[in-house]
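# Observations on chain architecture
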Amino acid sequence: RIMNKYQRFLFTAVFAVCSLAAFAQFGVGVRDNRFIYGDFTFLKHWEVSLEQSVFSEKPAYQYLRAYAGYKGEWKNLSYKGQAYFGAAYNGSYKSYGAKIGVNYRVVPRFYVKAILNPHHDSGYGYETCFLAGCGVVLTDNIDVIAAYTTIPEYRMSEKRLRGGFDFHVGKLSVIPEASIAVSGSSRAKTLRTVIGFRYDF
């Protein structure tokens, strides 16, 4: 019954998103290997998105999250704020929170970025998470990026270093990164390869 409820919600959300496709900018992508998403931007600023997990688990253990927010630019600064809510299909856990991010171009080939992420998980409680990073523009199509973050890649907040490349050509962006824990249990101290992908229509 719970599974059917989330299936109906997903179908309704996808139908609504497809109905509005002609009136907004549309993008699709993959986050950290584990999540696929689609988003719409209305009037260049207002954004809604839907994210679905692709865990190696049974369908009942998959996770669905919805976002809504606002983004914009001012001189060399870009900013974005989002609120979100998500839940596992079987109702075993829920999470909600917000992400407030800024990206500032210091000079043409160097920028810094920061994200504040107040986050609550029904199983792990509340954490104030964040990301602080920078990027160096090598060419028109390649950036080198690095960051320190405590934002969960799955559910748990971990202190991790991430670094890699941002390859972008036209409306396509591919971001392969290495992610390694710098504290916590020995089980968490693993090197992960994470890949982000995005295409804007």
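Above this text sits the structure in question.
In this report, we go over the structure that sits alongside the text. (Residues numbered from 1 in each chain as written. Predicted model: local features only at pLDDT ≥ 70, side-chain atom pairs only at ≥ 80, totals over all residues. Heavy atoms only, no water.)

### Regarding the pairing of strand β1 (residues 25-31)
With 7 bridges connecting them, β1 and strand β2 (residues 35-42) associate as antiparallel partners. By the bridge assignment, G29 is partnered in β2 with Y37. In this structure, the hairpin formed by β1 and β2 is closed by a connection of 3 residues, where D32 is found at a positive phi of approximately 50°. Sheet analysis places β1 next to strand β12 (residues 191-200), joined by 4 bridges and oriented antiparallel. Among the inter-strand pairings, G29 is bridged to a residue of β12, identified as R198. (Pairing = 2+ DSSP bridges. Helix = DSSP H or I, 4+ residues; strand = E, 2+ residues; numbered from the N terminus.)

### What to know about empty space enclosed by the protein
Under the defined criterion, the tally for this structure stands at 1 cavity of 30 Å³ or more. Volume-wise, the largest cavity comes out at about 130 Å³. In terms of lining residues, the largest cavity is bounded by 16 residues, among which R31, R65, H119, P152 and Y154 are the most central. At the level of elements, β4 (63-74), β6 (94-107) and β7 (110-121) are the ones that each hand at least two residues to the lining of the largest cavity. (1 Å grid on protein atoms, 1.4 Å probe; cavity = no way out; pocket = protein on both sides within 12 Å on 5 of 7 lines; lining within 4 Å. Points joined across faces, edges and corners; volume = space filled by probe spheres on them.)

### Some remarks on the pattern of salt bridges
Oppositely charged side chains may form a pair once their charged atoms are brought near each other. This model, assessed by the stated rule, comprises 14 salt bridges. The partner of D32 in a salt bridge is R162, with the nearest N and O atoms 2.9 Å apart. Here the residue D32 occupies a position in the loop between β1 and β2, and R162 occupies one in strand β10 (residues 160-169), the gap between them amounting to 130 residues. Judged by relative accessible area, D32 falls into the buried class, the value being 10%. Measuring nitrogen to oxygen at the nearest pair gives 3.7 Å for the salt bridge that ties E153 to R160. Across the pair, R160 and E153 agree in class, each one buried. (Salt bridge = Lys/Arg side-chain N within 4 Å of Asp/Glu carboxyl O. Buried < 20%, exposed > 50% of the residue type's maximum accessible area, 1.4 Å probe, protein only.)

### So, unusual backbone geometry
Positioned with a positive phi, N33 is a non-glycine residue whose angle comes to about 70°. Within the secondary structure layout, N33 lies in the loop between β1 and β2. Accessibility expressed as a relative area gives 37% for N33, which makes it partly exposed.

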